[in-house]
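Breakdown of the fold
The primary structure of each chain is shown beneath.
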Amino acid sequence: MLSGIGVPGIILLVILALLLFGPNKLPELGRAVGRTFREFKDGAREIIGEDDQASRNNEPAKPLASAPSEVQAAAPAASASTADNKRLPE
(Lines give C-alpha, C1' and ligand atoms only; values in the text may rest on other atoms or scores of the structure.)
Protein backbone atom coordinates (compact mmCIF):
# COMPACT_ATOMS: atom_id res chain seq x y z
CA MET A 1 0.00 0.00 0.00
CA LEU A 2 2.67 2.52 1.01
CA SER A 3 5.43 0.89 -1.02
CA GLY A 4 5.11 3.46 -3.81
CA ILE A 5 5.58 6.48 -1.52
CA GLY A 6 9.16 5.89 -0.39
CA VAL A 7 11.27 7.88 2.05
CA PRO A 8 11.16 11.23 0.17
CA GLY A 9 7.35 11.04 0.01
CA ILE A 10 7.05 10.34 3.74
CA ILE A 11 9.37 13.27 4.55
CA LEU A 12 7.25 15.50 2.30
CA LEU A 13 4.05 14.37 4.06
CA VAL A 14 5.56 15.08 7.50
CA ILE A 15 6.68 18.57 6.43
CA LEU A 16 3.25 19.25 4.92
CA ALA A 17 1.51 18.08 8.12
CA LEU A 18 3.77 20.33 10.21
CA LEU A 19 2.95 23.31 8.01
CA LEU A 20 -0.81 22.64 8.06
CA PHE A 21 -1.36 21.72 11.71
CA GLY A 22 1.69 23.05 13.52
CA PRO A 23 3.93 21.19 15.96
CA ASN A 24 1.55 21.69 18.91
CA LYS A 25 -1.47 20.10 17.20
CA LEU A 26 0.26 17.05 15.71
CA PRO A 27 0.40 14.94 18.93
CA GLU A 28 -3.27 15.64 19.60
CA LEU A 29 -4.14 14.75 16.02
CA GLY A 30 -2.14 11.51 16.26
CA ARG A 31 -3.96 10.52 19.47
CA ALA A 32 -7.34 11.18 17.84
CA VAL A 33 -6.42 9.05 14.83
CA GLY A 34 -5.19 6.28 17.13
CA ARG A 35 -8.42 6.34 19.15
CA THR A 36 -10.46 6.21 15.95
CA PHE A 37 -8.55 3.17 14.67
CA ARG A 38 -8.86 1.44 18.07
CA GLU A 39 -12.63 2.01 18.20
CA PHE A 40 -13.00 0.74 14.64
CA LYS A 41 -10.95 -2.37 15.45
CA ASP A 42 -12.97 -3.07 18.62
CA GLY A 43 -16.23 -2.61 16.71
CA ALA A 44 -15.09 -4.97 13.98
CA ARG A 45 -14.12 -7.60 16.56
CA GLU A 46 -17.50 -7.19 18.25
CA ILE A 47 -19.38 -7.68 14.99
CA ILE A 48 -17.30 -10.72 14.07
CA GLY A 49 -17.87 -12.17 17.56
CA GLU A 50 -21.64 -11.65 17.24
CA ASP A 51 -21.63 -13.37 13.85
CA ASP A 52 -19.66 -16.32 15.24
CA GLN A 53 -22.00 -16.61 18.20
CA ALA A 54 -25.07 -16.41 15.95
CA SER A 55 -23.72 -19.12 13.67
CA ARG A 56 -23.07 -21.36 16.67
CA ASN A 57 -26.62 -20.80 17.94
CA ASN A 58 -28.13 -21.63 14.53
CA GLU A 59 -26.66 -25.11 14.39
CA PRO A 60 -29.36 -27.68 13.62
CA ALA A 61 -30.76 -29.41 16.67
CA LYS A 62 -30.04 -33.09 17.12
CA PRO A 63 -33.09 -35.27 16.42
CA LEU A 64 -34.73 -36.94 19.39
CA ALA A 65 -33.86 -40.60 19.78
CA SER A 66 -37.03 -42.69 19.31
CA ALA A 67 -39.15 -40.91 21.93
CA PRO A 68 -42.69 -42.21 22.43
CA SER A 69 -45.29 -40.36 20.38
CA GLU A 70 -47.31 -39.48 23.52
CA VAL A 71 -44.39 -37.48 24.96
CA GLN A 72 -43.83 -35.69 21.64
CA ALA A 73 -47.54 -34.83 21.38
CA ALA A 74 -47.63 -33.45 24.94
CA ALA A 75 -44.55 -31.29 24.50
CA PRO A 76 -46.20 -28.49 22.45
CA ALA A 77 -49.05 -28.20 24.94
CA ALA A 78 -46.62 -27.93 27.85
CA SER A 79 -44.55 -25.23 26.14
CA ALA A 80 -47.69 -23.21 25.34
CA SER A 81 -48.79 -23.20 28.99
CA THR A 82 -45.37 -22.03 30.19
CA ALA A 83 -45.38 -19.27 27.58
CA ASP A 84 -48.71 -18.00 28.96
CA ASN A 85 -47.27 -17.87 32.47
CA LYS A 86 -44.32 -15.72 31.39
CA ARG A 87 -46.28 -12.78 29.98
CA LEU A 88 -45.26 -9.30 30.98
CA PRO A 89 -47.76 -7.28 33.02
CA GLU A 90 -49.68 -4.70 31.03
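Residues numbered from 1 in each chain as written. Predicted model: local features only at pLDDT ≥ 70, side-chain atom pairs only at ≥ 80, totals over all residues. Heavy atoms only, no water.

The subject of this paragraph is helix H1 (residues 6-21). Taking 1.5 Å per residue as the helical rise, H1 with its 16 residues ought to reach 22 Å, and the 23 Å between its terminal C-alpha atoms agrees with that figure. Once H1 ends, the next one or two residues include Gly-22, with phi positive near 85°. (Helix = DSSP H or I, 4+ residues; strand = E, 2+ residues; numbered from the N terminus. Expected span 1.5 Å × (residues − 1).)

On average, residues of the protein chain carry a pLDDT of 75, and 61% of them reach 70 or more. At the level of individual helices and strands, the protein chain shows its lowest average pLDDT in helix H3 (residues 69-85), which scores 51, and its highest in H1, which scores 90. (pLDDT = per-residue confidence, 0-100.)

Turning our attention to the pattern of salt bridges. Taken as a whole and assessed by the stated rule, the structure comprises one salt bridge. Across the pair Lys-25 and Glu-28 runs a salt bridge whose closest N-O atoms are separated by 3.8 Å. Exposure remark for Lys-25: the relative accessible area of 44% places this residue in the partly exposed category. The partly exposed category is assigned to Glu-28, whose relative accessible area is 45%. (Salt bridge = Lys/Arg side-chain N within 4 Å of Asp/Glu carboxyl O. Buried < 20%, exposed > 50% of the residue type's maximum accessible area, 1.4 Å probe, protein only.)

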